[in-house]
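Here are the chains, one letter per residue:
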Amino acid sequence: MTTMADRDGWIWYDGEMRPWRDCTTHVLTYTLHYGVGCFEGVRAYQTPKGTAIFRLDEHTKRLFNSAKILGMKMPFSPEQVSEAQLEVLRRNNLKEAYLRPMVFYGAEGMGLRADNLKTHVIVAAWTWGSYLGADNMERGIRVKTSSFTRGHPNSNMHRAKANGQYINSMLALNEVLREGYDEAITLDTNGFVAEGSAENIFIVSRGELHTPDLSACLDGITRRTVIQLAQDMGLKVNERRISRDEMYCCDEAFFTGTAAEVTPIREMDNRVIGIGSRGPITTQLQANYLALVKGQSEKYPEWLSHT
């Protein structure tokens, strides 16, 4: 069985291409022990004009913002990290791929007071299909509210896409997977709907789109994209608090994310959402999104960075 460590290919590591299997780190790597690091999930799609990364500049900017929030000094420029992502695709001859840029501290020191740490940057890419299953892109998924809530804004820097914060996501997801569900819904500390384990949430009610405001969720790049596509369709978009019971009674619901793309939700906490499958507005937004990322739409060509 091929593992993530045992693969052919190349990874960009601190400014140079290295063979995949050589990209190892020491067991005393600081980020492994304390979770201080940040990352992005980025997708590249095959388009009529060749392979292109979707919204590359926005992903790179968010990575640098995350590092800034965590106080990590970046040893490369945004332009270098963006070019590294394109080069990884070219070097590995990937037509479509999921990319993982990550920023982490090395093994230069240990203990919370370590002050001699070096910031390392990697970019890896591999072929990865539908995160929540190809069939679920049409029929929708079953979700459950987790007992693990999203952290208070003062407990962590939630605007950063930080490595350590995904402990919360892992606990929430594994809890509901054990009970036979596909994905978790987390609530914020006030009991309102926040996000999935790695996705933003939208609901459709009375012909309008609603999504939790950014005090309760990550500033998702797919979230931004779907908001723009919805406005292009003439839909009103409301960013606000959403209660769990309001979500039970909505007409449609779906997740968004780079990995999840636009995935319908057909059931929540054993309550059927809407018609119990992908609704018409979700269907249109999903189609418009996929056409956009695959270069089949004439809108927003600046969002595609071709290799």
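Worth saying up front: this structure is predicted, and the values here are computed from it rather than measured. (Residues numbered from 1 in each chain as written. Predicted model: local features only at pLDDT ≥ 70, side-chain atom pairs only at ≥ 80, totals over all residues. Heavy atoms only, no water.)

1. Quick word on empty space enclosed by the protein
- Enumeration according to the criterion identifies two cavities of 30 Å³ or more in this entry.
- Each pocket or cavity is described by its volume, and for the largest cavity that value is around 50 Å³.
- Every residue lining the largest cavity is listed: Arg43, Tyr45, Phe54, His59, Ile221, Thr222, Thr258 and Tyr289.
- Classifying every residue of the lining of the largest cavity gives four nonpolar, three polar and one charged.
- Considered as a void within the structure, the second largest cavity measures approximately 30 Å³ in volume. (1 Å grid on protein atoms, 1.4 Å probe; cavity = no way out; pocket = protein on both sides within 12 Å on 5 of 7 lines; lining within 4 Å. Points joined across faces, edges and corners; volume = space filled by probe spheres on them. Nonpolar A, V, L, I, M, F, W, Y, C, P; charged D, E, K, R; others polar.)

2. Notes on the domain arrangement of the protein chain
- Partitioning the protein chain into domains gives domain 1 (10-126) and domain 2 (134-294).
- Between the C-alpha centres of domain 1 and domain 2 there is a distance of 26 Å.
- The partner domain 2 presents 21 residues to the 23 residues of domain 1 that form the contact.
- The set of elements that each furnish at least two residues to the side of domain 1 that touches domain 2 consists of strand E3 (37-39), strand E4 (42-47), helix H2 (56-70) and strand E6 (97-105). (Domains from an automatic or database assignment. Contact = heavy atoms within 4.5 Å. Helix = DSSP H or I, 4+ residues; strand = E, 2+ residues; numbered from the N terminus.)

3. Some points on the nonpolar core
- Within the largest apolar cluster, 28 residues are counted, with the highest numbers of intra-cluster contacts made by Trp12, Ile53, Leu89, Leu99, Val103 and Ala125.
- Setting aside its immediate chain neighbours within four residues, Ile53 contacts Val42, Arg43, Ala44, Gln85, Leu86, Leu89, Leu99, Trp303, Leu304 and Ser305.
- One finds Val226, Leu229, Ala230 and Tyr300 within the second-largest nonpolar core, a separate group that totals 23 residues. (Core = buried A, V, L, I, M, F, W, Y, C linked by side-chain atoms within 4.5 Å. Buried < 20%, exposed > 50% of the residue type's maximum accessible area, 1.4 Å probe, protein only.)

4. Thoughts on the environment of Arg90
- Inspection of the secondary structure puts Arg90 in helix H3 (residues 78-91).
- What makes Arg90 partly exposed here is its relative accessible area of 34%.
- Along the backbone, Arg90 and Val103 are 13 residues apart, and their C-alpha atoms lie at a distance of 21 Å.
- Discounting residues that sit within four places of it in the chain, Arg90 has contacts with Glu83 and Thr307.
- Here Glu87 takes part through its side chain, which lies 3.0 Å from a polar atom of the side chain of Arg90. (Polar contact = N/O pair within 3.5 Å; in protein donor to acceptor, adjacent residues only side chain to side chain.)

5. Some details on the pairing of strand E2 (residues 16-19)
- Pairing analysis gives four bridges linking strand E1 (residues 10-13) to E2, with the strands arranged antiparallel. From the neighbouring strand, Trp12 faces E2, where its bridge partner is Met17.
- Where E1 folds back onto E2 in an antiparallel hairpin, the turn is made up of two residues, including Asp14, whose phi is positive at roughly 50 degrees. (Pairing = 2+ DSSP bridges.)

6. Description of the packing of aromatic side chains
- What the rule picks out here adds up to 12 aromatic pairs.
- Between Phe202 and Phe254 the ring centres are 5.2 Å apart and the planes differ by 10 degrees, which places this aromatic pair in the stacked class. Taken together, the positions of Phe202 in strand E11 (residues 200-205) and Phe254 in strand E14 (residues 252-257) put the pair 52 residues apart, joining distant regions of the chain. Assigned by exposure class, Phe202 and Phe254 land together as buried.
- Between Tyr300 and Trp303, the aromatic rings sit 4.3 Å apart at their centres with planes inclined by 15 degrees, giving stacked as the arrangement. Like Tyr300, the residue Trp303 is buried in the burial classification.
- In this arrangement the basic side chain of Arg55 is found over the ring face of Trp303, its NZ or CZ atom lying 3.8 Å from the centre. (Phe/Tyr/Trp six-rings, centres within 6.5 Å; stacked < 30°, edge-to-face > 60°. Lys NZ or Arg CZ within 6 Å of the ring centre and 35° of its normal.)

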